Amino acid sequence: DYFSRYLIQRVMSVFDFTLPDAVDPRYFKYCLFCTGFIILTYDEQYGAIAHYGTLEGRDMYFRPKKTTITLTDSDNAGITLNRVMIDPDPSKVDAVLMTLQENYNSIMDLVYFHAERLALLFEAFDINVINSKLAYVFGADKKSLAETFKKAFDDIQEGNPAVVIDKDLFTEDGKPLWTAFFNNLRQNYIGSDLMIDIKKVLNDFDTTIGIPNSNTEKRERITTDEVNSNDVEALTLVELWLE
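A quick note: this is a predicted structure, and the numbers were derived from the prediction, not measured. (Residues numbered from 1 in each chain as written. Predicted model: local features only at pLDDT ≥ 70, side-chain atom pairs only at ≥ 80, totals over all residues. Heavy atoms only, no water.)

Caption draft 1: Region of the structure containing the sheet that holds strand 1 (residues 37–43). Taken in spatial order, the three strands make up an open sheet running 2-1-6, and their pairing is antiparallel. Among the strands making up the open sheet, the edge pair consists of strand 2 (47–51) and strand 6 (95–99). Between one strand axis and the next, the sheet turns through 20 degrees on average, direction left out of account. In the sheet, strand 1 pairs with strand 2 via five bridges, with the strands oriented antiparallel. When the sheet's bridge partners are listed, I39 is paired in strand 2 with H51. Sheet strands touched by helix 2 (residues 25–35): strand 1, strand 2 and strand 6. Its angle to strand 1, the strand with the most contacts, is close to 140 degrees. (Pairing = 2+ DSSP bridges. Helix = DSSP H or I, 4+ residues; strand = E, 2+ residues; numbered from the N terminus. Axes fitted to C-alpha atoms, helices over the stretch in contact; angles between N-to-C directions. Contact = heavy atoms within 4.5 Å.)

Caption draft 2: Looking closely at the pattern of salt bridges. Applying the stated criterion to the full structure yields six salt bridges. With its nearest N and O atoms 2.7 Å apart, the salt bridge here joins R10 to D206. Of this pair, R10 sits in helix 1 (residues 2–12) while D206 is found in helix 6 (residues 191–209), placing the two residues 196 residues apart along the sequence. Note on R10: relative accessible area 22%, which makes it partly exposed. Here K151 makes a salt bridge to D155, at a shortest N to O gap of 2.9 Å. On the criterion of helical spacing, the pair formed by K151 and D155 is a turn pair, its members being four residues apart in helix 4 (residues 143–157). With a relative accessible area of 15%, D155 lands in the buried category. (Salt bridge = Lys/Arg side-chain N within 4 Å of Asp/Glu carboxyl O. Buried < 20%, exposed > 50% of the residue type's maximum accessible area, 1.4 Å probe, protein only.)

Caption draft 3: Highlighting the packing of helix 1 against helix 6. Where helix 1 meets helix 6, the axes come as close as 10 Å, and the angle between the chain directions of the two elements is 40 degrees. Helix-helix and strand crossings are classified by hand; for helix 1 and helix 6 the assignment is right-handed. Note on element contacts: helix 6 touches helix 1 through L202, F205, D206 and I209, opposite Y6, L7, R10 and V11. For the contact of helix 1 with helix 6, the residue count by class is six nonpolar, no polar and two charged. (Left-handed = near helix turned anticlockwise from the far one by under 90°. Nonpolar A, V, L, I, M, F, W, Y, C, P; charged D, E, K, R; others polar.)

Caption draft 4: Inspection of the packing of aromatic side chains at higher detail. Tallied over the full model, the rule gives seven aromatic pairs. Measuring from centroid to centroid gives 4.9 Å for Y2 and F3, while their planes differ by 80 degrees, and the two rings are edge-to-face. With relative accessibility at 55%, the residue Y2 sits in the exposed group. Classification of F3 as buried rests on a relative accessible area of 14%. Where F17 meets F33, the ring centres are 6.5 Å apart and the plane angle is 65 degrees; that geometry is what we call edge-to-face. Here F33 lies in helix 2 and F17 lies in the loop between helix 1 and helix 2, a separation of 16 residues in the sequence. For F17, a relative accessible area of 26% corresponds to the partly exposed category. (Phe/Tyr/Trp six-rings, centres within 6.5 Å; stacked < 30°, edge-to-face > 60°.)

Given below as structure tokens:
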């Protein structure tokens with residue numbers, strides 16, 4: 001959910017809409033991008049309206065002909081508007097259907113596709129960081145001694161400058177009953193690789209929707225044509241949506 005919200009806002013940042021004062025820009029954007037379409041019409045009471053509505057009927061090209069818009073306020077009081085979008089008689093048309101894609105679908109499948117991968121990568125990153133931490137192994141022959149070890153370790157982890165421990169935590173000759181557990185931390189740490197993969201997923205998303213980016217792996221030489229080629233690719237889908 002976090003990455004879905006982040007990515008849909010990233011998509012919205014590409015576009016800058018000029019809307020009538022009566023239209024709420026936030027509602028307009030979320031309705032258009034998350035449902036795939038929005039109805040534009042006019043009402044004497046409310047003025048210019050951009051709102052979600054049900055699609056009804058179809059013409060010979062399977063385009064929706066009519067719509068029903070329900071306007072409500074915080075008191076659940078409102079009105080229902082029946083509007084016509086397609087009719088042989090132009091005088092009967094009093095609404096326009098604006099779509100983001102030609103199949104009337106939203107772009108949330110694209111958002112969810114990349115959000116799921118980002119979530120998995122960040123989950124793997126968090127787990128890898130935890131597993132790469134330096135661990136300590138304690139030896140205790142009774143439960144009270146184990147609890148003493150836990151309390152002392154918690155105090156140290158909290159940053160206390162002085163931690164007093166029981167003398168029973170040492171052997172008779174003064175050696176501590178704990179030892180560091182080294183699990184080849186450097187070899188097990190892949191956090192850097194995961195962060196690179198996260199950046200790749202974001203770049204792929206940006207390229208898909210139309211945010212300019214290099215979207216190239218770091219290497220010794222990269223030509224200007226390769227960067228320009230990615231710029232062209234990044235413009236394709238966003239131009240289709242805008243049209």
